[in-house]
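# Residue-level structural notes
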Amino acid sequence: MAWLLVVVAGILETGFAVCLKLSHGFTRLWPTVAFCSFALGSFGLLTLSLKKLDVGPAYAVWTGIGAAGTAIYGMVFLGDLVSTLKLVSISLVIVGVIGLQLSGSAH
């Protein structure tokens, strides 16, 4: 259950990163509100998961999911540059996240 919280927190991290961009420096109300909601949810779930998980693997998985998710979202929906190197790098992050999740122990 703790790892599920980390995964959901990582997905919410993607949401807060995207909303941060869409807020244009906190000058747009609804993306700013969404940013705050996603950030609180993400940090809250990560905090709950750390009651059972080691901080290193949990934090790395959380940030990896957020980074990969944000990069993919940007390429698909925001017109970010797509390149072979970027796709390979995202794949390596995902492989690393899986490895860390498998190596992380619960208390």
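Located above this text is the structure these notes cover.
Let me sum up the structure you'll find in this document. (Residues numbered from 1 in each chain as written. Predicted model: local features only at pLDDT ≥ 70, side-chain atom pairs only at ≥ 80, totals over all residues. Heavy atoms only, no water.)

### As for the overall build of the protein
For the record, the criterion: Working definition: helices are DSSP H or I runs of at least four residues, strands are E runs of at least two. Numbering for both runs from the N terminus. With C-alpha atoms as the basis for the radius of gyration, the globule rule is written as 2.2 Å multiplied by the number of residues raised to the power 0.38. Burial classes: relative accessible area under 20% of the type maximum marks a residue as buried, over 50% as exposed, and values in between as partly exposed (1.4 Å probe, protein chains only). Any two residues having at least one pair of non-hydrogen atoms within 4.5 Å are treated as being in contact. For every accessible area listed, the method is Shrake-Rupley and the probe measures 1.4 Å; residues are considered covered only by the protein chains on display.
Regarding its fold elements, the protein presents four helices and zero strands. In the protein, the order of α-helices and β-strands from amino to carboxyl end is α-α-α-α. Against the globule reference of 13 Å for 107 residues, the protein gives a C-alpha radius of gyration of 14 Å, in line with a compact fold. Referenced to the eigenvectors of the C-alpha coordinate spread, the extents of the protein come out at roughly 40 × 35 × 15 Å. When burial is assessed residue by residue, the protein has 34% of its 107 residues classed as buried. Taking contacts inside the protein between residues at least 6 apart in sequence as the whole, the part at least 24 apart equals 69%. When the accessible surface of the protein is summed, it comes to about 6,400 Å², and 75% of that surface belongs to carbon and sulfur atoms.

### Describing the environment of Leu48
Here Leu48 is to be found in helix 2 (residues 29–49). Sequence separation between Leu48 and Val82 is 34 residues; the distance between their C-alpha atoms is 35 Å.

### Notes on unusual backbone geometry
Of note, His24 is a non-glycine position whose phi angle comes to about 50°, a positive value. Assignment of secondary structure puts His24 in the loop between helix 1 (2–22) and helix 2. A relative accessible area of 44% places His24 in the partly exposed class. Of note in this structure, Phe26 is not a glycine but carries a positive phi near 60°. Locating Phe26 in the fold gives a position in the loop between helix 1 and helix 2.

### Quick word on helix 1
Filter applied, for reference: Helices are assigned an expected span. That span is 1.5 Å times one less than the residue count.
Its 21 residues give helix 1 an end-to-end C-alpha distance of 30 Å, which sits within 8% of 30 Å, the value for a rise of 1.5 Å per residue. Where helix 1 terminates, the next one or two residues include His24, which has phi positive at roughly 50°.

### Things to note about the packing of aromatic side chains
What counts here: Whether two aromatic rings pair depends on their centres lying within 6.5 Å, for rings of Phe, Tyr and Trp, where Trp uses its six-membered ring; planes under 30 degrees apart make the pair stacked, over 60 edge-to-face, and the rest tilted.
Per the counting criterion, the structure on display carries six aromatic pairs. Seen from their ring centres, Phe16 and Phe35 are 5.8 Å apart, and the 85° between their planes marks the pair as edge-to-face. On the criterion of sequence distance, the pair formed by Phe16 in helix 1 and Phe35 in helix 2 is long-range, its members being 19 residues apart. Each member of the pair Phe16 and Phe35 is classed as buried. Between Tyr73 and Phe77, the ring centres sit 4.7 Å apart and the planes meet at 40°, which makes this aromatic pair tilted. Residue Tyr73 and its partner Phe77 are located together in helix 3 (residues 55–77), separated by four residues, close to a single helical turn. The class of Tyr73 is partly exposed, set by a relative accessible area of 30%. Since its relative accessible area comes to 57%, Phe77 is described here as exposed.

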